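Close look at the chain arrangement
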Amino acid sequence: MEKTITQEASFSFEIKKSRFISLSFIIKSEASFNFLIEKIKKDYKNATHIVFGICFSLYNCKFSDGNEPKGSAGKQIFHILHTQKIINSLIVIIRFINGGKLGLGLLQNSYKKAAQEVLKLSKINNLKIWFPYQIEIQIKNLPLILQVIKKNNCKIKKKEFFKTVKIEFECETDLDENFGFTFQKLKK
């Protein structure tokens, strides 16, 4: 099952005079991702490297090594997000160098540690996919429909009463049409 970050966090540590600051974010769109990356680059303009890994879905992920050796930074973050099936989530790691080089193995392990530790501090939950529905019924059928909605742990978004009753609701499960009513699926 896919998961997502539901509470953002930060983590920092130092190793051999290199300081790593890792940040986790909830990301819903490409536009918010681009805005956030630009803001982080401005906020941490003195950073030596800014790397990231992001997954919008399991099949739409990106990463950047931020001028670190190829595959040493962003790929470590991507691998963690992808293997744990964490989507709509971004991890950014900012590195300040105040000393010598770490070597490739220690560098990769440092980025991996930074990503793992910030995820431990972040709240991660299973991603719930909601299916939106709409139904228009006679008022005499309202109790039955409300019972179906409640039984399936659905959430009512809107009710309108006219000659008929129009109800918009969302369910975690895909309702079939075995109830004797036609639920119209809404497109988001």
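A quick note: this is a predicted structure, and the numbers were derived from the prediction, not measured.

Size it by volume and the largest pocket reaches roughly 160 Å³. Along the walls of the largest pocket sit H49, E68, P69, R95, I97, G99, G100, K101, L102, G103, L104 and L107, which together make up its complete lining. At the level of secondary structure, the elements contributing two or more residues to the lining of the largest pocket comprise β7 (89-97) and α3 (104-121).

The next subject is helix α2 (residues 74-83). One full turn of an α-helix is made of 3.6 residues, so residues set three or four places apart face in the same direction. Residues of α2 that are buried include every one of G74, Q76, I77, I80 and L81, and no others. Buried residues along α2 cover an arc of 165° about the axis, so they all sit on one side. Elements that come into contact with the buried residues of α2 comprise β4 (49-57), β5 (60-64), β6 (86-87), β7 and α3. The positive-phi residue at the C-terminal boundary of α2 is K85, with phi of around 55°.

We now examine the domain arrangement of the protein. Frequently, the measure chosen for interface size is the accessible area that the parts lose on association. Along its sequence, the protein is carved into domain 1 (3-126) and domain 2 (131-185). A C-alpha centroid distance of 42 Å is found between domain 1 and domain 2.

This structure, assessed with the given rule, holds six salt bridges. K62 is paired through a salt bridge with E30; the nearest N and O atoms lie 2.3 Å apart. Taken together, the positions of K62 in strand β5 and E30 in helix α1 (residues 30-43) put the pair 32 residues apart, joining distant regions of the chain. Take K62: its relative accessible area is 31%, and that puts it in the partly exposed class. Residue K120 pairs with E117 through a salt bridge whose shortest N-O separation is 3.2 Å. Here K120 pairs with E117, and both are found in helix α3, just three residues apart, close to one helical turn. Judged by relative accessible area, K120 falls into the exposed class, the value being 63%.

Each value, and the rule that gives it
- Residues numbered from 1 in each chain as written.
- Predicted model: local features only at pLDDT ≥ 70, side-chain atom pairs only at ≥ 80, totals over all residues.
- Heavy atoms only, no water.
- 1 Å grid on protein atoms, 1.4 Å probe; cavity = no way out; pocket = protein on both sides within 12 Å on 5 of 7 lines; lining within 4 Å.
- Points joined across faces, edges and corners; volume = space filled by probe spheres on them.
- Helix = DSSP H or I, 4+ residues; strand = E, 2+ residues; numbered from the N terminus.
- Buried < 20%, exposed > 50% of the residue type's maximum accessible area, 1.4 Å probe, protein only.
- Arc of directions from axis to C-beta.
- Contact = heavy atoms within 4.5 Å.
- Domains from an automatic or database assignment.
- Salt bridge = Lys/Arg side-chain N within 4 Å of Asp/Glu carboxyl O.

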